Amino acid sequence: MTDHAPPSSPDRTSIAEAVVSIESDGLARLESAPRLATLREIERDVLGKRSELARLHTRLGQLPSDERREVGALINAARDRLQSRADALAASFESQERRSRIEAERLDLTEFMSGPLAAPLDAIGRGRGHLNLVTETRTRLEDTFVAMGFAVAEGPEAETDWYNFEALNMPPAHPARGMWDTLYLRLDPPGTVLLRTHTSPVQIRLMESQKPPIYAVMPGRCYRRDTPDARHLPVFHQIEGLVVDRGITFGNLAGTIEAFTTSFFGPGMHSRLRPSYFPFTEPSAEFEVTCPICAGAGCRTCSGSGWIELGGCGMVDPNVFAAVGIDSETYSGFAFGFGIDRLAQVLVGLPDMRALLDNDVRFLAQF
Ligand code: PHE
């Protein structure tokens, strides 16, 4: 025995040299991966069971036992370095891919622009916003009625008890007030100011402010103490119609509803009236239109009947004329009203109305 280390065997030298070149080669290949999937393949090649590195292990048996340990440690150290580089590269690809996914799903909330900047923005493909489905429906309704000779009028959303109830033939404590779950404003005296439960108070304002003949529609926002669900929103929209003139009959009402139905929904679409009750009209009716989804054949939307109920209507009650000082011996009239949101829901086949208020651009952009 000498105190010199024994000379390395030729096998030890060749395996040790192979480790160095396999490591530097493997490192270069890992670094060259352009994306995660490629990296994973290279990682399998370089570090997997069939890799050159794994094959080196099988050659360890050729070495004398003292060299076997030393060379084994060399191989393991190279493997650890390659593995930790592969892990680091994978982590950076993953976060990069997460970032580009978020970027791809990003919502462009840029405000609508007009003026000199709008054109260059359009040119680079930035989409412009558009009106909400409910507003689009309201505009189409207004256009239809204007084409039929109606004027468009509006009224306030905060109303007094007089306009929302009393002038509409519902004196205080009248049981019919229970048809509307009312939101009152905290103003003195209590119970006198409310958020209008329908657009009918605008009828009263019109008749107070102008003399017949009146041919007007009155769209607007209404409020009821309803819990939101698939078919109810506590804030919703109605459109009201009012005609007051000499010699207006129930036949004119039915004919107007029918003309509106055909012109708004298209040829082949019709209307029908069914007896109903409203305090401010007498007689009163509910009006139904051919189901726009199945064109009357019967489907889930219309529960197989071929008709959907749109709203209420009737001849203006003489007590309402009395409240606004119109002589019901000289004039007669009719009124109708229906929900715009509900109509929009039926037209686009929307299962849940609450989507109209969620403001999810991915939903809204469909219309
Ligand atoms: N205002 C009634 C409602 O909200 C609808 C209606 C309007 C009925 C006009 C008759 C005449 O239910």
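The structure presented is a predicted model; accordingly, all values stated were derived computationally and were not measured. Throughout, a residue's number is its position along its own chain's written sequence, starting from 1. Two thresholds apply to this predicted model, a pLDDT of at least 70 for residue-level local features and 80 or more for giving and counting side-chain atom pairs, whereas whole-chain, interface and lining totals are computed over all residues. To get the side-chain values, all heavy atoms of the structure are used, and hydrogens and water are removed first.

For this document, the term salt bridge refers to a Lys or Arg side-chain nitrogen within 4 Å of an Asp or Glu carboxyl oxygen. One pass over the structure, following the stated rule, counts 14 salt bridges. For the salt bridge of Arg138 with Glu142, the shortest nitrogen-to-oxygen distance reads 2.8 Å. Of this pair, Arg138 and Glu142 both sit in helix H6 (residues 133-147), four residues apart, which is roughly one turn of the helix. Take Arg138: its relative accessible area is 21%, and that puts it in the partly exposed class. For the salt bridge of Arg354 with Asp352, the shortest nitrogen-to-oxygen distance reads 2.7 Å. Only protein chains enter the accessibility calculation, which uses a 1.4 Å probe; a residue whose area is less than 20% of its type maximum is buried, one above 50% is exposed, and one in between is partly exposed. Assessed through its relative accessible area of 36%, Arg354 is described here as partly exposed. Strands are runs of DSSP state E lasting at least 2 residues, helices are runs of H or I lasting at least 4, and numbering of each runs from the N terminus.

Burial of strand S10 (residues 332-339) is extensive: seven of the eight residues sit out of reach of the surface. Here strand S9 (residues 307-316) runs beside S10; their pairing, made up of five bridges, is antiparallel. Looking across to S10, one finds that Cys313 is bridged to Phe336. Note on pairing: two strands pair once DSSP finds at least 2 bridges between them.

Residue ranges for the domains trace back to a domain assignment, done automatically or taken from a database. Under the domain assignment used here, the protein chain contains domain 1 (12-105) and domain 2 (133-364). The C-alpha-based centres of domain 1 and domain 2 are spaced at 74 Å.

Right, let's talk about the nonpolar core for a bit. One finds Leu141, Phe145, Phe260, Phe265, Leu310, Phe336 and Phe338 to be the most contacted residues of the largest nonpolar core, which totals 40 residues. Counting residues per element, this core draws most heavily on helix H9 (residues 250-265), which supplies five residues. Here Phe260 is in contact with Leu141, Thr144, Phe145, Met148, Phe265, Leu310 and Phe338, once residues within four sequence places are set aside. Put simply, buried Ala, Val, Leu, Ile, Met, Phe, Trp, Tyr and Cys residues joined by side-chain atoms within 4.5 Å make one nonpolar core. With 27 residues, the next largest nonpolar core counts Leu168, Ala216, Val244 and Phe321 among its residues. Contacts are assigned to residue pairs with any non-hydrogen atoms lying within 4.5 Å of each other.

Aromatic pairing here means that ring centres of Phe, Tyr or Trp (its six-membered ring) are within 6.5 Å. Orientation follows from the plane angle: under 30 degrees is stacked, over 60 is edge-to-face, and everything else is tilted. If you walk through the whole model with that rule in mind, you get 13 aromatic pairs. Seen from their ring centres, Phe260 and Phe265 are 6.3 Å apart, and the 75 degrees between their planes marks the pair as edge-to-face. Here Phe260 and Phe265 have matching classes, each one buried. By the ring-pair criterion, three or more aromatic residues cluster together here, those being Phe145, Phe150, Phe260, Phe264, Phe265, Phe287, Phe334, Phe336 and Phe338. Lysine and arginine charges are scored as sitting over a ring when NZ or CZ, respectively, is within 6 Å of the ring centre and within 35 degrees of the ring normal. Here the basic side chain of Arg140 rests over the ring of Phe264, its NZ or CZ set 4.1 Å away from the ring centre.

Moving on to the sheet that holds strand S7 (residues 271-278). If you walk across this open sheet you meet the seven strands as S1-S5-S6-S10-S9-S8-S7, and the pairing is mixed. A strand with exactly one partner marks an edge of an open sheet, and here the two such strands are strand S1 (151-152) and S7. In the sheet, strand S8 (residues 281-290) pairs with S9 via eight bridges, with the strands oriented antiparallel. Paired with Phe287 across the two strands is Gly311, which belongs to S9.

Bringing unusual backbone geometry into the picture now. Cis geometry is found at the peptide bond from Asp188 to Pro189, where omega equals -15 degrees. The topology assignment puts Pro189 in the loop between strand S3 (183-184) and strand S4 (193-195). That bond from Pro212 to Pro213 is cis: its omega, 5 degrees, falls within 30 degrees of zero. Structurally, Pro213 is set in the loop between helix H8 (201-209) and strand S5 (214-223). Within the chain, Asn359 stands out as a residue other than glycine whose phi angle is a positive 60 degrees. The residue Asn359 is located in the loop between helix H12 (355-358) and helix H13 (361-364) in this model.

Turning to the site of the ligand, a few remarks are in order. Near, as used in this document, describes a residue that has one of its heavy atoms within 4 Å of the molecule or strand being considered. As a structural note, the neighbourhood of the ligand is formed by 15 residues, with His198, Ser200, Arg224, Gln238 and Glu240 the closest of them. Interatomic distance of 3.0 Å between a side-chain N/O atom of Arg224 and an oxygen atom of the ligand. N or O atoms within 3.5 Å of each other form a polar contact, as long as, within protein, one can give a hydrogen and the other can take it, and as long as residues adjacent in sequence are counted only when both atoms are side-chain atoms. Interatomic distance of 3.0 Å between a side-chain N/O atom of Gln238 and an oxygen atom of the ligand. Each accessible area is a Shrake-Rupley estimate made with a 1.4 Å probe; only the visible protein chains count as cover when residues are assessed. Against a free-state accessible area of 330 Å², the protein chains account for coverage of 92% of the ligand. For the shell around the ligand, the element with the highest residue contribution is S10, accounting for three residues.

In space, the three strands of this open sheet follow the order S2-S4-S3, with antiparallel pairing throughout. Strands at the two margins of the open sheet, each flanked by one partner only, are strand S2 (158-160) and S3. As paired elements, S2 and S4 share three bridges and run antiparallel to each other. Bridge assignment links Thr160 to a residue of S4, and that residue is Val193.

What follows deals with the packing of H6 against helix H11 (residues 340-348). Angles shown run from 0 to 180 degrees and are taken between the N-to-C directions of axes, each axis being a line fitted to C-alpha atoms and, for helices, limited to the stretch in contact. Look at H6 against H11: their axes get within 9 Å of each other, and the N-to-C directions meet at 100 degrees. Accordingly, the angle class assigned to the pair H6 and H11 is roughly perpendicular. Contacts from Leu133, Val134, Thr137, Arg138, Arg140 and Leu141 in H6 reach Ile340, Asp341, Leu343, Ala344, Leu347 and Val348 in H11. In this classification, Asp, Glu, Lys and Arg are treated as charged, Ala, Val, Leu, Ile, Met, Phe, Trp, Tyr, Cys and Pro as nonpolar, and every other residue, Gly included, as polar. Looking at the contact of H6 with H11, its residues break down into eight nonpolar, one polar and three charged. Just so you know how the angles are binned, under 35 degrees is roughly parallel, over 145 roughly antiparallel, 65 to 115 roughly perpendicular, and the rest oblique.

Let's shift gears to the state of the cysteines. Put simply, a disulfide is two cysteine sulfurs that come within 2.5 Å. Counting across every chain of the model gives zero disulfides. In this structure Cys294 is a free cysteine whose sulfur lies 3.6 Å from that of Cys299, the closest cysteine sulfur available. Judged by relative accessible area, Cys294 falls into the buried class, the value being 17%.

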